[in-house]
Amino acid sequence: MSEARLMQGNEACAEGAVAAGVRFFGGYPITPSTEIAEYMAVNLPKVGGNFIQMEDEIAGIGVILGASLAGKKALTATSGPGFSLKQELIGYAAIAEIPAVIVNVQRMGPSTGQPTSPAQADIMQARWGTHGDHPMIALSPWTVRESFDVAVKAVNYSERFRTPVIILLDEVVGHLRERVELPSAHEIEIYPRRMPNTTKAQGYKAYTPMEDLVPNPANFGTGYRIHCTGLVHDETGFPSGSPKVTEQTIHRLHEKIMRVQDEITHYDEFFMDDAEIAVVAFGGTARTAYAAVEAARHAGQKVGMVRMMTIWPFAENVMRNLAKRVKGILVPEMNYGQYVYEVERAAAAQARVVSLPKYDAEVFTPDEIKQAIEKLAAEVAK
Amino acid sequence: MRDYETFFRTNRLPHIWCPGCGHGIAMKAIAKAIAKLDLDQDKTVIVSGIGCSSRASGYMDFDTLHTAHGRALPFATGIKLANPELNVIVITGDGDCMAIGGNHFIHAARRNIDLTVILFNNNIYGMTGGQASPLTPVEKKATTAPYGTFDRPFNPCEVAKTAGATYIARGTAFHAAPLVDLIAQGIQNKGFSFIETLVQCPTSYGRRNKMGSAAAMLKDMSETVIPLAAYNRLSTEERNEKLPSGVLHTDVFPEYAAEYAKIIKQAGGDKA
Ligand SMILES: Cc1ncc(C[n+]2csc(CCOP(=O)(O)OP(=O)(O)O)c2C)c(N)n1
Ligand code: SF4
């Protein structure tokens with residue numbers, strides 16, 4: 001551990017990314033994510049990396065995908081409107097299997113919305129924003145310290161699965177200042193860039209899946225002369241019109257992640273041992289929810305909390321089991337109700353699932369959540 | 001000099017282009033320019049967008065990247081900055097470069113980043129079946145301009161000049177031999193180089209505009225496009241009917257990747 005420092009969530013996220021090996025940032029300024037770009041502008045050249053301010057957010061993701069193909073671990077950061085602009089190339093990264101991390105410090109929308117107000121309303125966009133079937137990994141931290149850890153995980157997952165990974169920060173955590181102790185370099189586990197394990201002479205094909213279903217396309221400039229495209233392609237990397245190849249590709253893209261879903265599902269449980277009510281929350285809202293659950297416990301409610309770090313892939317098993325353990329599940333989120341639909345589906349009527357939406361551009365107060373807990377407790381007691 | 005044909009992925013041929021399409025001529029000129037300069041095949045990257053023209057990347061035996069419509073330049077910028085020792089060549093169409101990718105185009109030129117951009121200008125959206133592009137001349141017909149276009153086209157070389165490109169040239173599929181030299185000079189320029197290459201699209205453009213066969217379209221090109229010196233001798237009125245070819249503009253300006261290397265040095269990152 002290094003010494004304690006006072007830091008912002010955005011800053012910790014940027015520092016975590018650099019610690020995990022990110023050496024390229026491209027982006028376009030937008031509140032409340034700009035501190036990440038500013039951090040990168042100062043610090044990347046110090047470690048031999050590149051920062052570039054692009055002409056728009058589409059270019060911001062395009063430039064990092066190019067850098068990633070040339071061998072650099074790369075990240076871009078944005079908020080709401082910029083996240084919308086990046087969607088097409090997020091899909092490109094998914095099908096062309098290019099490691100990249102996209103940070104979305106969520107703000108209230110749609111459109112320009114309430115630019116400086118917090119929200120968690122891009123949950124479904126993170127999952128389905130780009131067109132077509134594709135897998136998605138999205139992680140959401142709830143503390144400044146965890147913003148660092150999530151960044152490290154996101155970079156590692158993007159490299160390990162060769163897939164875009166989204167960090168869903170929200171304005172609350174992004175702009176929060178906390179005292180943190182960050183791990184030192186040797187305490188951080190880094191997943192290195194995957195490399196070809198055969199030569200061209202041995203019949204290397206850029207997109208042959210390895211045992212873990214992930215291919216090892218060579219970095220540009222290393223003599224393999226690969227082809228990379230957003231068209232459906234076979235193991236050679238060249239376009240294929242075959243229905244069989246198409247089906248296999250879409251399936252493999254999902255399977256390479258879903259086969260290890262439990263391993264990449266990160267969450268915490270609090271006060272859950274005897275709980276009859278569970279609050280499921282993430283990001284900034286989880287902070288308030290924790291205070292509310294604590295207060296409700298003091299008032300004698302059998303309530304616990306499940307705090308999700310992994311938002312996508314959806315924690316199917318966790319929620320299915322949770323619904324068997326409790327009578328009621330409350331899902332507070334700073335949106336009109338998004339994550340709750342997934343919880344409801346997984347709960348399959350085994351527990352009563354209640355949405356607590358918040359879309360007035362304010363954060364929850366602990367009291368709002370506590371009252372909703374009490375109401376739900378009374379309902380399920382009937 | 002190495003045989004330019006060895007720069008093609010012959011197992012990917014035949015190509016998808018229509019008989020008489022000009023894209024193959026422009027692609028061949030690029031391969032010949034690379035052969036002429038004896039570029040390291042393993043250190044040369046071809047990046048393209050989406051369109052008939054952009055399919056060229058898949059036929060060329062280098063590290064090749066077929067991106068999304070309009071986005072070749074941001075990807076190319078990332079490649080060049082991440083590994084400045086690579087030669088990065090961009091193949092793009094008139095829609096790809098000047099419509100959906102227009103913003104990236106002016107900014108890449110402004111940065112003077114060391115990319116060589118070859119615009120395969122067929123004055124139309126070929127791949128999607130003949131819609132008007134920002135380079136379709138006024139009064140020409142397109143599926144989306146059934147009564148003839150009336151919106152004013154760009155002159156892409158002038159756009160490149162205003163935006164800050166340090167090497168600008170125009171060639172055609174008819175003048176294939178000089179085109180090789182124009183591309184080679186562009187690759188040699190350490191900065192943003194732009195070579196507009198006029199090519200014929202008999203299928204989606206020529207036919208609708210009754211321009212005749214591919215050969216007739218090439219002949220047309222040979223008459224319309226004349227060397228810059230000859231063009232300069234024409235009256236203003238006569239110039240309306242012609243386009244100048246050759247090297248149209250050069251300038252000297254610091255190159256972006258080299259400038260960033262200085263920033264890294266200043267920040268101490270060269271020792272990291
Ligand atoms: C975002 C997006 N919009 C539209 C398209 C459809 N599209 C594919 S190619 C193309 C135009 C190609 O024209 P041009 O760039 O001039 O190249 P050409 O085919 O003439 O060589 C269009 C509009 C697309 N692929 N992606
Ligand atoms: S449609 Fe036009 S540009 Fe496309 S391949 Fe055919 S001739 Fe070439």
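Residues numbered from 1 in each chain as written. Chains lettered and ligands numbered in written order. Predicted model: local features only at pLDDT ≥ 70, side-chain atom pairs only at ≥ 80, totals over all residues. Heavy atoms only, no water.

Description of the site of ligand 2
Residue and element names in this part refer to chain B.
- As a structural note, the neighbourhood of ligand 2 is formed by Trp17, Cys18, Cys21, His23, Cys52, Asn122, Gly126, Cys201, Pro202, Thr203 and Ser204.
- The greatest single-element share of the shell around ligand 2, amounting to 3 residues, is contributed by helix H7 (residues 202-206).
- In terms of residue class, the shell around ligand 2 is made up of 6 nonpolar, 5 polar and no charged. (Near = heavy atom within 4 Å. Helix = DSSP H or I, 4+ residues; strand = E, 2+ residues; numbered from the N terminus. Nonpolar A, V, L, I, M, F, W, Y, C, P; charged D, E, K, R; others polar.)

Some words on the sheet that holds strand E16 (residues 352-357) of chain A
All names here are of chain A.
- Taken together, 5 strands build an open sheet; the order of strands is E11-E13-E12-E15-E16 and the sheet is mixed. Each having just a single partner strand, strand E11 (267-270) and E16 make up the two edges of the open sheet. In this sheet, neighbouring strand axes are inclined to one another by 20 degrees on average, regardless of whether the strands run parallel or antiparallel.
- Alignment of strand E15 (residues 328-333) against E16, held across 6 bridges, turns out to be parallel. Looking across to E16, one finds that Pro332 is bridged to Leu356. (Pairing = 2+ DSSP bridges. Axes fitted to C-alpha atoms, helices over the stretch in contact; angles between N-to-C directions.)

Details of the domain arrangement of chain A
All names here are of chain A.
- Examined at the domain level, chain A breaks down into domain 1 (5-187) and domain 2 (268-381).
- Computed from C-alpha coordinates alone, the two centres of domain 1 and domain 2 are separated by 27 Å.
- Contact residues are listed per partner, giving 29 residues for domain 1 and 26 residues for domain 2.
- In this assembly, domain 1 packs against domain 2 so that about 2,200 Å² is buried in total across both faces, 64% of it on carbon and sulfur atoms.
- On the domain 1 side of the contact with domain 2, Gln120, Ile123 and Trp142 bury the most area, a combined 35% of that side's loss. (Domains from an automatic or database assignment. Contact = heavy atoms within 4.5 Å. Buried area = accessible area lost by both parts, 1.4 Å probe.)

What to know about the pairing of strand E5 (residues 100-108) of chain A
All names here are of chain A.
- With 9 of its 9 residues buried, E5 lies for the most part within the structure.
- The pairing of strand E4 (residues 73-78) with E5 spans 4 bridges and is parallel. Across the sheet, Ala77 pairs through a bridge with Val103, a residue of E5.
- Strand direction decides the pairing type here: E5 and strand E8 (residues 164-170), joined by 7 bridges, are parallel. Residue pairing across strands places Ala100 opposite Pro164, the latter belonging to E8.
- With 2 bridges connecting them, E5 and strand E6 (residues 114-118) associate as antiparallel partners. Residue pairing for E6: Arg107 is matched across the bridge by Pro118. (Buried < 20%, exposed > 50% of the residue type's maximum accessible area, 1.4 Å probe, protein only.)

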